[in-house]
Amino acid sequence: MPKLKTKRGAAKRFHRTGGGLFARAKAGKSHILTKKTAKRKRALRQSTLVDSANFRAVSRMLPYA
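Let me sum up the structure you'll find in this document.

### Digging into the environment of Ala 23
Then step 1. Residue placement: Ala 23 occurs in strand β2 (residues 22-25).
Then step 2. Exposure remark for Ala 23: the relative accessible area of 4% places this residue in the buried category.
Then step 3. Each C-alpha atom, one on Ala 23 and one on Leu 44, is 13 Å from the other, the two residues being 21 residues apart in sequence.

Here is the structure:
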């Protein structure tokens, strides 16, 4: 079997947690921040987990994570 290539875009966006799940950044923090409340922007700083529906796709993009 040949070595598998990692999707570099995915490697920059996701990382494996200690429990074997994938962590990701929340969307919506890049622009149009004036109308968003401080509480909402604070919540967007935290990372969250990849949903179970997308877990298989992300794990295929990161074969060695």
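Still to come is the rest of the account.
### Concerning the sheet that holds strand β1 (residues 15-16)
Then step 1. The strand order β1-β2-β3 describes an open sheet built from three strands, whose pairing is antiparallel. Looking along the sheet, the strands with just one partner apiece sit at the ends: β1 and β3 (47-49).
Then step 2. As paired strands, β1 and β2 are joined by two bridges and run antiparallel to one another. Residue His 15 lies in a different strand from β2, and its bridge partner there is Ala 23.

### Comments concerning the environment of Val 58
Then step 1. With respect to the helices and strands, Val 58 occurs in helix α3 (residues 52-61).
Then step 2. The buried category is assigned to Val 58, whose relative accessible area is 4%.
Then step 3. The sequence separation of Val 58 and Phe 14 amounts to 44 residues, and the corresponding C-alpha distance is 8.1 Å.
Then step 4. The residues touching Val 58, leaving out its near neighbours within four places in the chain, are Phe 14, Phe 22 and Val 50.

### Brief notes about the environment of Arg 42
Then step 1. Locating Arg 42 in the fold gives a position in helix α2 (residues 38-45).
Then step 2. Here Arg 42 falls in the partly exposed class, since its relative accessible area comes to 43%.
Then step 3. Once the C-alpha coordinates of Arg 42 and Lys 29 are considered, the two residues, 13 residues apart in sequence, prove to be 9.6 Å apart.

Conventions adopted
Counting of residues starts from 1 at the beginning of each chain's written sequence and follows it residue by residue. Local features in this predicted model are restricted to residues whose pLDDT is 70 or higher, and side-chain atom pairs enter the listing and the counts only when it is 80 or higher, whereas totals over whole chains, interfaces and linings include all residues. The side-chain numbers reported here are obtained from all heavy atoms of the structure, hydrogens and water having been left aside. Each helix is a run of H or I in the DSSP string that is no shorter than four residues. Each strand is a run of E no shorter than two, and both are numbered from the N terminus. Classification of residues uses two cut-offs on accessible area relative to the type maximum, computed with a 1.4 Å probe and protein chains only: under 20% is buried, over 50% is exposed, and between them is partly exposed. Strands pair, by our definition, only if DSSP identifies at least two bridges between them. Pairs of residues are marked as contacts when any of their non-hydrogen atoms sit within 4.5 Å.

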